[in-house]
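Given next are the chains, with one letter for each unit.
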Amino acid sequence: VIGAWCRSRPKGPLVSAVGAAGTFEWLPAPETPKPWDDVDLSEDQERVLRGILARVAGDVKFTENAQKLLMDRLGYAPRLLVHETRKLVAAHVDNTVDEALVTALCFPKERSLEAVKDAVFARRPAPILDLLAAVEAGIPVRDWRGQLVTAEGVSNVIAGQVGLLCQQMLYLRRFAVRIGMEREITPERTSEKRWYPYQFKNGIGPTLLEHLKDDAPSPIKAPGKKPMSLFALGHLFKGASRWADGDLVDALARFGEMEPGLRGGMASEELSVWLARALGNTPQRGS
């Protein structure tokens, strides 16, 4: 194979080195389906992906349904397939990966920016970094209206949302202290069983909403905007309880340093570094 390949292509240092080693196998990239073809993967693309999966999986068996589901969710994304396959191999049971394991561990083919808020509240950068990787891999990502997000704009959209959430949480934490709710905005309190219906919905929440109306405008109640719903406020309150003032101040300070980089050619990389540092910090105690 290598001899025929080298004879049919221009000479150069790389060709000479590979020719001397004699270990090259030419695998042309498969063509993508035509726009009018109603398929996710062409036969050539599926063949390449199955070959990659088999090499990475090694002795671990993937059921036919597991393979189909994995490729359907990821689309033609060889690098992402390698990453997801390694994750599934590490989690296999009885040397087999089935459809249930793929469903439990792999992200759906279409991501949504709805995941950003929960990731910030839980201080988990991984779901947001996955969104950035998905966009760059050509996997559809949708915003809150269900519209597709472009690769060029996703970094700014995510950065704006995370930055605003950090502002809102810092404001809410300090506002809670001001009105005597310092003991309520702690992870110990908000993690209590049925905290929202028993503690927040009919107690803390309505009182907090009234105080917030009096303090408007604020990061939570912008001019001309409707007041936050009680459910959304409870979600924000619980998320803020998992942070400390110092962490939020540090995240916002680093955001100011990172923000100019979003206008350059390394927007995704700049945002990824900031997210990993801000959301990956160990929660502090106190302020």
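None of the values given here were measured: they were computed from a predicted structure. (Residues numbered from 1 in each chain as written. Predicted model: local features only at pLDDT ≥ 70, side-chain atom pairs only at ≥ 80, totals over all residues. Heavy atoms only, no water.)

So, on to helix H11 (residues 195-215). Here H11 contains 21 residues, and its C-alpha end-to-end distance of 25 Å is more than 12% below the 30 Å for a straight helix at 1.5 Å per residue. Considering bend angle alone, the principal kink of H11 is centred on Lys201 and spans about 50°. Every buried residue of H11 is accounted for by Trp195, Phe200, Ile204, Gly205, Leu208, Leu209 and Leu212. Residues of H11 that are buried sit in contact with helix H9 (151-178), helix H10 (187-190) and helix H12 (230-241). (Helix = DSSP H or I, 4+ residues; strand = E, 2+ residues; numbered from the N terminus. Expected span 1.5 Å × (residues − 1). Bend = angle between axes of the 7 residues up to and from the residue. Buried < 20%, exposed > 50% of the residue type's maximum accessible area, 1.4 Å probe, protein only. Contact = heavy atoms within 4.5 Å.)

This part is about unusual backbone geometry. Cis geometry marks the peptide bond from Ala216 to Pro217, where omega comes out at 0°. Of note, Pro217 is situated in the loop between H11 and H12. Residue Asn95 is not a glycine yet carries a positive backbone phi of 60°. The exposure class of Asn95 is partly exposed, given its relative accessible area of 35%. Phi at Arg123 is positive, roughly 60°, even though this residue is not glycine. Along the chain, Arg123 falls in the loop between helix H7 (114-122) and helix H8 (126-136). Overall, Arg123 belongs to the buried group, its relative accessible area being 9%.

Another aspect to go through is the pattern of salt bridges. In total, this model carries 12 salt bridges according to the counting rule given. For the salt bridge of Arg189 with Glu192, the shortest nitrogen-to-oxygen distance reads 3.3 Å. Accessibility expressed as a relative area gives 27% for Arg189, which makes it partly exposed. Several salt bridges converge on common partners, so that one network encompasses Glu46, Arg50 and Glu64. (Salt bridge = Lys/Arg side-chain N within 4 Å of Asp/Glu carboxyl O.)

Along H8, the residues that are buried comprise Pro127, Ile128, Asp130, Leu131, Leu132, Ala134 and Val135. Against the buried residues of H8 lie strand S3 (111-112), H7, strand S4 (141-142), H9 and helix H14 (267-280).

Averaged over all residues, the pLDDT of the protein is 83; the fraction at 70 or higher stands at 83%. Across the protein, the element-wise mean pLDDT spans from 44 in helix H1 (residues 2-7) up to 96 in H10. Residue range residues 1-9 is modelled with pLDDT below 50. Its contacts to residues more than four positions away, or to other chains, number 14 contacts. Ignoring residues within four places in sequence, the model shows residues 33-39, a span with pLDDT below 50, making 5 contacts including any to other chains. (pLDDT = per-residue confidence, 0-100.)

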